[in-house]
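Residue-level structure breakdown
Letter by letter, the chains look like this.
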Amino acid sequence: MNDKKLMETAVKAREYSYSPYSNFRVGAALLCADGSVYTGCNMENAAYTPGICAERTAVYKAVSEGKRDFLAIAIAGGPAGILELTAPCGVCRQVMREFCDPDSFRIILGTGEEDLRSYLLKELLPLSFGPENLGRTTAEKEDETP
Ligand code: THU
């Protein structure tokens with residue numbers, strides 16, 4: 001799975017975006033270390049706060065199915081009918097930080113499959129707070145991997 005294919009998958013996932021309030025449609029595709037890919041779209045709500053971003057949908061789907069080892073995520077977003085460079089919100093960056101290695105996890109942005117750019121999580125979330133700050137080591141996390 002290369003970056004272009006992962007972005008293609010994010011663009012497809014965007015078709016399911018439920019965003020009647022903002023009309024900003026987002027799809028995400030999360031690549032796991034075992035090669036599997038989990039997709040997500042944003043889902044809004046009439047009560048506003050229950051809404052969720054595409055990126056977190058993808059991460060939560062994967063974790064809830066036993067995956068915790070992630071390599072990269074591609075994000076495709078923009079107003080209906082348009083793809084524009086869409087970077088993950090701060091909450092989604094923090095959720096990635098829980099499960100992903102900031103030094104190697106890649107966040108792939110672009111306007112669809114064009115103009116792909118890859119950032120490391122540590123670049124988009126510098127000086128971050130993570131599981132290690134609460135005394136949890138990577139080894140401990142691995143022990144708990146289902
Ligand atoms: N959104 C995402 O799904 N991901 C992003 O990276 C940015 C924002 C969603 C949340 C909301 O449904 C809409 O886009 C407008 O903020």
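Above: the structure in question.
Residues numbered from 1 in each chain as written. Predicted model: local features only at pLDDT ≥ 70, side-chain atom pairs only at ≥ 80, totals over all residues. Heavy atoms only, no water.

Attention now goes to the state of the cysteines. Within this structure, the stated rule accounts for zero disulfides. Summary of cysteine pairing: Cys32 is not part of a disulfide, and the nearest cysteine sulfur, belonging to Cys100, is at 9.5 Å. Not engaged in a disulfide, the cysteine Cys53 finds its nearest cysteine sulfur in Cys92; these two sulfurs lie 3.8 Å apart. You can call Cys53 partly exposed: its relative accessible area is 23%. (Disulfide = S-S within 2.5 Å. Buried < 20%, exposed > 50% of the residue type's maximum accessible area, 1.4 Å probe, protein only.)

Right, let's talk about the sheet that holds strand β3 (residues 70-79) for a bit. The five strands are arranged β2-β1-β3-β4-β5 in an open sheet whose pairing can be described as mixed. Across the chains shown, the open sheet's two edge strands, defined by having one partner strand only, are β2 (37-41) and β5 (114-120). Going across the sheet, the axis of each strand differs from the next one's by a mean of 20°, ignoring polarity. Relative to β3, helix α1 (residues 3-13) is tilted by about 45°, and along the sheet it contacts β1 (24-32), β2, β3, β4 (106-111) and β5. Sheet contacts for helix α2 (residues 54-63): β1, β2 and β3; angle to β2, the most-contacted strand, approximately 140°. (Pairing = 2+ DSSP bridges. Helix = DSSP H or I, 4+ residues; strand = E, 2+ residues; numbered from the N terminus. Axes fitted to C-alpha atoms, helices over the stretch in contact; angles between N-to-C directions. Contact = heavy atoms within 4.5 Å.)

Here we take up the nonpolar core. By size, the foremost hydrophobic cluster in this structure holds 22 residues, and its most contacted members are Leu30, Phe70, Ile73, Met96, Phe105, Ile107 and Leu121. Looking at this core, the elements with two or more residues in it are β1, α2, β3, α3 (90-99), β4 and α4 (121-124). Phe105 has contacts with Leu30, Phe70, Leu71, Ala72, Ile73, Met96, Cys100, Tyr119, Leu120 and Leu121, leaving out every residue within four places of it along the chain. Counting residues in each nonpolar core, the second largest holds nine residues, with Met7, Ala29, Leu31 and Ala72 among its members. (Core = buried A, V, L, I, M, F, W, Y, C linked by side-chain atoms within 4.5 Å.)

Each pair of packed helices can be summarised by the angle the axes make with each other and by the distance between the axes. With their axes 9 Å apart at the nearest point, α2 and α3 run at an angle of 25° to one another. As judged from the angle between their axes, α2 and α3 are roughly parallel. When you trace α2 past α3, the crossing you get is left-handed. Contact with α2, carried on its side by Glu55, Arg56, Val59, Tyr60 and Val63, involves Val91, Cys92, Val95, Met96 and Phe99 of α3 and no other residues of that element. Of the residues assigned to the contact of α2 with α3, the class counts are eight nonpolar, no polar and two charged. (Parallel < 35°, antiparallel > 145°, perpendicular 65-115°, else oblique. Left-handed = near helix turned anticlockwise from the far one by under 90°. Nonpolar A, V, L, I, M, F, W, Y, C, P; charged D, E, K, R; others polar.)

Lining the immediate environment of the ligand, one finds Ser22, Phe24, Val26, Asn42, Glu44, Cys53, Ala54, Glu55, Thr86, Ala87, Pro88 and Cys89. With respect to the ligand, the side chain of Glu55 contributes an N or O atom lying 2.5 Å from an oxygen atom. Protein burial of the ligand: of its 380 Å² of free accessible surface, 76% is covered by the chains. Counting only elements with at least two residues in the shell around the ligand, the list comes to β1 and α2. In the shell around the ligand, the residues fall into seven nonpolar, three polar and two charged. (Near = heavy atom within 4 Å. Polar contact = N/O pair within 3.5 Å; in protein donor to acceptor, adjacent residues only side chain to side chain. Areas by Shrake-Rupley, 256 points an atom, 1.4 Å probe, with all protein chains shown as cover.)

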